[in-house]
Amino acid sequence: MDHSTAKLVIVFESLEHEMGVAKTIRHGNLGKRTLRLAEKDGKFYGLADGKICAEGDDADRVWLQLHDEAGKSDPRYFGYSGARSRFLKFFPNGFHSDGYANQERNYKLAAKNKLEAAAPLEEALTGSGFGEAVLSVYRATNMLSPFEKTKLQEVFRGSSADAVIQAAAAFAKNADKASLVRLENTLKPFDSAKWTVATYLPYLWRPEQHMFLKPEVTKDYAARVGHSFASIYEARLNFNVYVSLLDLVDRTTDELNDLKPRDGIDIQSFIWVVGDYQEDREDIYT
């Protein structure tokens, strides 16, 4: 134990003995680990299973550092550097290469262009009659399962199609809790209030602002880089989950700055490649 760690332990022991002074600001779980953010005399301490992992003057920053440190204990963890290495194994020339464009980006751009031509965002906010065109956009990629696509026929060929599309457009434009709740309510009657369905259109309309959420692969990726999304995620359309997803996107974008990702399409593709591509595949794209 080095001097700085020993000092932190002593401080924490003092906190535990003075619970009337120290107080818990936030708590949560990361996998099986219990996380706690404590404050004493204006200083914040992040603890994982009772052990201090971070300290500082900014509560949010300490909480983030705590998750980063606690996440390293996950057996899947290899950090952002490991994620980068895995991505570059399959696409050695990164985001700006023909191989990557052909495999991961072009078909998503084609779906985006199809959506913008058939149902521009500003028109979709209040317009009607876009149901069949929007359904064809969902069918234009393999990002949803065949089962999900089949269920969407009922949504976009029925009397609620306009309400669903308008709610999706409102979420794309506002990106707030109220618009997500509105979208959830329009999808619930069809048992389609799923993250994949809810985030697909906003992601295509505004990939610089939104992210498509494929839950399992994204949770796996978050665990691999030590991000709290891995433990915060829930299947219900909870806005806090989406905020955590966007933070994961921002962190990933910052870590990949030198590779120059352009938008959420690149980041979502990165997450998919890191989490889904198999090590034994022989096709390497340049």
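Residues numbered from 1 in each chain as written. Predicted model: local features only at pLDDT ≥ 70, side-chain atom pairs only at ≥ 80, totals over all residues. Heavy atoms only, no water.

**Some thoughts on the environment of Phe-212**
Part 1: Here Phe-212 is to be found in the loop between helix 10 (195–205) and helix 11 (215–225).
Part 2: The exposure class assigned to Phe-212 is buried, which follows from its relative accessible area of 2%.
Part 3: The spatial distance from the C-alpha of Phe-212 to the C-alpha of Ile-267 is 9.8 Å, given a sequence separation of 55 residues.
Part 4: With sequence-adjacent residues up to four places away left out, Phe-212 is seen in contact with Met-143, Leu-144, Thr-196, Thr-199, Tyr-200, Tyr-203 and Gln-268. (Helix = DSSP H or I, 4+ residues; strand = E, 2+ residues; numbered from the N terminus. Buried < 20%, exposed > 50% of the residue type's maximum accessible area, 1.4 Å probe, protein only. Contact = heavy atoms within 4.5 Å.)

**A short note on the environment of Val-164**
Part 1: Here Val-164 is to be found in helix 8 (residues 161–174).
Part 2: C-alpha separation for the pair Val-164 and Glu-184, spaced 20 residues apart in sequence, amounts to 8.9 Å.

**Considering the packing of helix 6 (residues 131–138) against helix 7 (residues 146–156)**
For any two helices packed against each other, the geometry comes down to the angle between their axes and how far apart the axes lie.
Part 1: It is the contact of helix 6 with helix 7, at a shortest axis distance of 9 Å, that shows an interaxial angle of 170°. Between helix 6 and helix 7, the interaxial angle falls into the category roughly antiparallel. When you trace helix 6 past helix 7, the crossing you get is right-handed. Packed against helix 6, whose contacting residues are Gly-131, Glu-132, Val-134, Leu-135 and Tyr-138, the element helix 7 presents Lys-149, Leu-152, Gln-153 and Phe-156 at the interface.
Part 2: Grouping the amino acids of the contact of helix 6 with helix 7 by side-chain chemistry returns 5 nonpolar, 2 polar and 2 charged. (Axes fitted to C-alpha atoms, helices over the stretch in contact; angles between N-to-C directions. Parallel < 35°, antiparallel > 145°, perpendicular 65-115°, else oblique. Left-handed = near helix turned anticlockwise from the far one by under 90°. Nonpolar A, V, L, I, M, F, W, Y, C, P; charged D, E, K, R; others polar.)

**Thoughts on the nonpolar core**
Part 1: Within the largest apolar cluster, 69 residues are counted, with the highest numbers of intra-cluster contacts made by Val-134, Tyr-138, Phe-156, Tyr-200, Trp-205 and Tyr-221.
Part 2: Among all residues touching Tyr-200, those that are not within four sequence positions of it are Ala-111, Val-137, Tyr-138, Thr-141, Met-143, Leu-144 and Phe-212.
Part 3: Listed in part, the 9 residues of the second largest apolar core include Ala-54, Ala-59, Val-62 and Leu-66. (Core = buried A, V, L, I, M, F, W, Y, C linked by side-chain atoms within 4.5 Å.)

**Thoughts on the layout of surface pockets**
Part 1: Put simply, the largest pocket is a space of about 410 Å³.
Part 2: Looking at the lining of the largest pocket, the elements that each hand over two or more residues are strand 1 (23–30), helix 2 (59–71), helix 12 (229–232) and helix 13 (239–255).
Part 3: Broken down by element, the residue count for the lining of the largest pocket peaks at 5 residues, all from helix 13.
Part 4: Its residues assigned to classes, the lining of the largest pocket shows 5 nonpolar, 10 polar and 4 charged.
Part 5: Considering the residues around the second largest pocket, the lining is formed by 14 residues, among which Pro-207, Glu-208, Val-249, Thr-253 and Gly-264 are closest to the centre.
Part 6: For the lining of the second largest pocket, the elements supplying multiple residues, two or more each, are helix 13 and helix 14 (264–276).
Part 7: Of the residues forming the lining of the second largest pocket, the biggest block, 4 residues, is contributed by helix 13. (1 Å grid on protein atoms, 1.4 Å probe; cavity = no way out; pocket = protein on both sides within 12 Å on 5 of 7 lines; lining within 4 Å. Points joined across faces, edges and corners; volume = space filled by probe spheres on them.)

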